[in-house]
Protein chains: 2
Amino acid sequence: MSSTSPDTPTRILQATLSLLEKTDAKLPTMSDIAKASGVSRQAVYLHFPSRTDVLVAATRYQDQTNDVNTALASSRSAQSGIERLDAFVTAWGNYIPRIYGVARAILAVVDTDAEAAEAWNMRMADMREGCAAAVQALVADGTLPPDTDPEQATDLLWTLLSVRTWENLTQTCGWDQACYLATVRGLALATLGQDMGALRDVLAHSKDPA
Amino acid sequence: MSSTSPDTPTRILQATLSLLEKTDAKLPTMSDIAKASGVSRQAVYLHFPSRTDVLVAATRYQDQTNDVNTALASSRSAQSGIERLDAFVTAWGNYIPRIYGVARAILAVVDTDAEAAEAWNMRMADMREGCAAAVQALVADGTLPPDTDPEQATDLLWTLLSVRTWENLTQTCGWDQACYLATVRGLALATLGQDMGALRDVLAHSKDPA
DNA sequence: CTGTCAATTGACACAGTGTAAAGCAACTCT
DNA sequence: AGAGTTGCTTTACACTGTGTCAATTGACAG
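Residues numbered from 1 in each chain as written. Chains lettered and ligands numbered in written order. Predicted model: local features only at pLDDT ≥ 70, side-chain atom pairs only at ≥ 80, totals over all residues. Heavy atoms only, no water.

Trainee: Teacher, can you tell me more about the relation of the copies chain A and chain B here?
Mentor: Relating one copy of the chain to the other takes a rotation about an axis and a shift parallel to that axis. Note on the copies: chain A fits chain B at an RMSD of 0.1 Å, the axial shift is 0.0 Å, and the rotation between them is 180°. Such values leave the two copies arranged in the relation of a two-fold axis. Take the interface residues of chain A: 100% of them recur as interface residues in chain B, which is what a same-surface contact looks like. (Least-squares fit on C-alpha atoms with pLDDT ≥ 70 in both. Contact = heavy atoms within 4.5 Å.)

Shown next, in the form of structure tokens:
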């Protein structure tokens, strides 16, 4: 299937992704995208009505080729709530670096572009469902601390796992991925899992953040 | 002193702040700023070389009039490390809503504008010193969990107190400020303070997040 | 041979930033 | 009072980037 070159829309998306993945800050213009795709600038408009649409389509294409859901599915098969939480945190935490280049581009235009904001919010809503499911599993186990509102716990987990948090710790503070992951796992379990014994078991085969 | 109208640069900054504080998303253009300041667009360029400079100067002006340092100073007079941490988290957590409008504007251009990024990073570096000082106070008390690297604890606290985290919880998730503050205080203390007894004391006169 | 489709070229409108220059009104200095 | 200075205005322009439009080309299918 890679023998014959893919159709133009696909080539544009692939070129856009490759542009976004090189982290040299500057966001690509339509001309950049066209040049990288090997087509004229107008040809891009033939397939995507606006720059935002290209970016949004690129994220969808990436999600599709990376198959997020498969990555996150493993957490659904976990036994206990704690294990499920940990599996979800781990899966998502390891997925973020793969999407960061594109996420950065979208996030940069989210403040000014309603359509981009919409697209990003939908994507994050999907992820939030994973958080909600993990919290529900904790509730079912009775592992969530009794004075904790599930809704609020979901918000908290969702914030902890946000791309911004990942960005802050790994990009700005310079943590490596392993350290990020260990910390975030520990934090999620410490915050949402009251059963400290189970917590210790899960953390046992995980390196310490330090 | 408010009897005579302030000089033009000041009026521009004040007008910019008032534009930024109405949270109707769209960032003001130079024309918007000029109009709101009651001067011509070119007059703005007479005092500030670029749009970014206006935004940056506006944040400085705001910090100056709000006197951040005074607000954060209270944390320095705290007795124990735990109390100091809590005072710092509370002071900063309550300061964020006051600067959010402007912060949003700066953050929106940070991804595309190196100068804005520089200005924002400096501002956040100041805040980070407060985090570092609070962590140091914990270290001095021996209250920081023994396996925790102070540097890393600072990063974590800094991330927890980031504007993005505040934005996520209060703006996107719709938490009210009291709820945000209670949660963040609890999280900071639970994560960085190992002395659970002292923690409970501090949390005693604070409403529960729920 | 003729349509049709994909893409190209070139031109244009529009918004927003930033530069430049000429003019104008008020204030100060001596 | 005259001269210069300061602060601002008006007008014009260059430049970048987005998005639209129309005419043209090349290839392929019926």
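Trainee: When you look at the protein's contact with DNA strand D in this model, what are you seeing that I'm missing?
Mentor: The immediate surroundings of DNA strand D are formed by 15 residues, with Arg41 and Gln42 of chain A together with Thr8, Ser40 and His47 of chain B found nearest. Counted by atom, the contact set of DNA strand D within 4 Å of the protein is 49% sugar and phosphate. A distance of 2.8 Å separates a base oxygen of DNA strand D from a polar side-chain atom of Arg41 of chain A. Residue Gln42 of chain A places a side-chain N or O atom 2.8 Å away from a base oxygen belonging to DNA strand D. Among the elements of the structure, helix H3 (41-47) of chain A together with helix H3 (41-47) of chain B are those that each provide at least two residues to the surface near DNA strand D. (Near = heavy atom within 4 Å. Polar contact = N/O pair within 3.5 Å; in protein donor to acceptor, adjacent residues only side chain to side chain. Helix = DSSP H or I, 4+ residues; strand = E, 2+ residues; numbered from the N terminus.)

Trainee: I tried to follow the protein's contact with DNA strand C on my own but got confused; where do I start?
Mentor: Of all residues adjacent to DNA strand C, which total 14 residues, the nearest are Thr8, Ser40 and His47 of chain A together with Arg41 and Gln42 of chain B. Looking at DNA strand C alone, sugar and phosphate atoms form 50% of those within 4 Å of the protein. In this structure, a phosphate oxygen belonging to DNA strand C sits 2.5 Å away from a side-chain N or O atom of Ser40 of chain A. In this structure, Met30 of chain B approaches DNA strand C through a main-chain N or O atom, which is 3.2 Å from a phosphate oxygen. Of all elements in the fold, only H3 of chain A together with H3 of chain B reach the threshold of two or more residues within the surface near DNA strand C. If you tally residues by element for the surface near DNA strand C, the top one is H3 of chain A, at four residues. Grouping the amino acids of the surface near DNA strand C by side-chain chemistry returns five nonpolar, seven polar and two charged. (Nonpolar A, V, L, I, M, F, W, Y, C, P; charged D, E, K, R; others polar.)

Trainee: How should the side chain of Thr159 of chain A be read in this particular structure?
Mentor: Secondary-structure assignment places Thr159 of chain A in helix H8 (residues 150-160). Assessed through its relative accessible area of 5%, Thr159 of chain A is described here as buried. Each residue touching Thr159 of chain A, except ones within four places of it in the same chain, is listed here: Thr165 of chain A together with Thr165, Asn168 and Leu169 of chain B. (Buried < 20%, exposed > 50% of the residue type's maximum accessible area, 1.4 Å probe, protein only.)

Trainee: Please clarify how the interface of chain A and chain B should be interpreted in this entry.
Mentor: Taken residue by residue, the interface counts 25 residues in chain A and 25 residues in chain B. Counting the surface lost from both chain A and chain B, the interface buries some 2300 Å², and carbon and sulfur atoms represent 59% of this. Its largest share of buried area at the contact with chain B, chain A owes to Asp111, Gln152 and Arg164 of chain A, together 23% of the area lost on that side. Scanning the region where chain A abuts chain B turns up zero salt bridges. For the interface between chain A and chain B, the tally reads two residue pairs in polar contact (both at pLDDT 80 or more). When residues of the side of chain A that touches chain B are traced back to their parent elements, those giving at least two are H8, helix H9 (163-172) and helix H10 (177-192) of chain A. Of the residues that constitute the side of chain A that touches chain B, the class distribution is eleven nonpolar, nine polar and five charged. (Buried area = accessible area lost by both parts, 1.4 Å probe. Salt bridge = Lys/Arg side-chain N within 4 Å of Asp/Glu carboxyl O.)

Trainee: Got a minute to help me understand the nonpolar core in this structure?
Mentor: The tendency in soluble globular proteins is for nonpolar side chains to be buried side by side. Core analysis: the largest hydrophobic core is formed by 66 residues, its most contacted members being Val44, Leu85, Trp92, Leu157, Leu161 and Leu192 of chain A. By residue number, the principal contributor to this core is helix H6 (residues 81-110) of chain A, which donates 17 residues. Residues lining this core come from more than one domain, with at least three contributed by each of domain 1 (8-48) and domain 2 (67-204) of chain A. For Leu192 of chain A, the contacting residues outside a window of four places in its chain are Leu85, Val135, Leu138, Thr143, Leu144, Pro145, Ala153 and Leu157 of chain A. Grouped together as the second largest cluster of nonpolar side chains are 64 residues, Val44, Met124, Val163 and Trp175 of chain B included. (Core = buried A, V, L, I, M, F, W, Y, C linked by side-chain atoms within 4.5 Å. Domains from an automatic or database assignment.)

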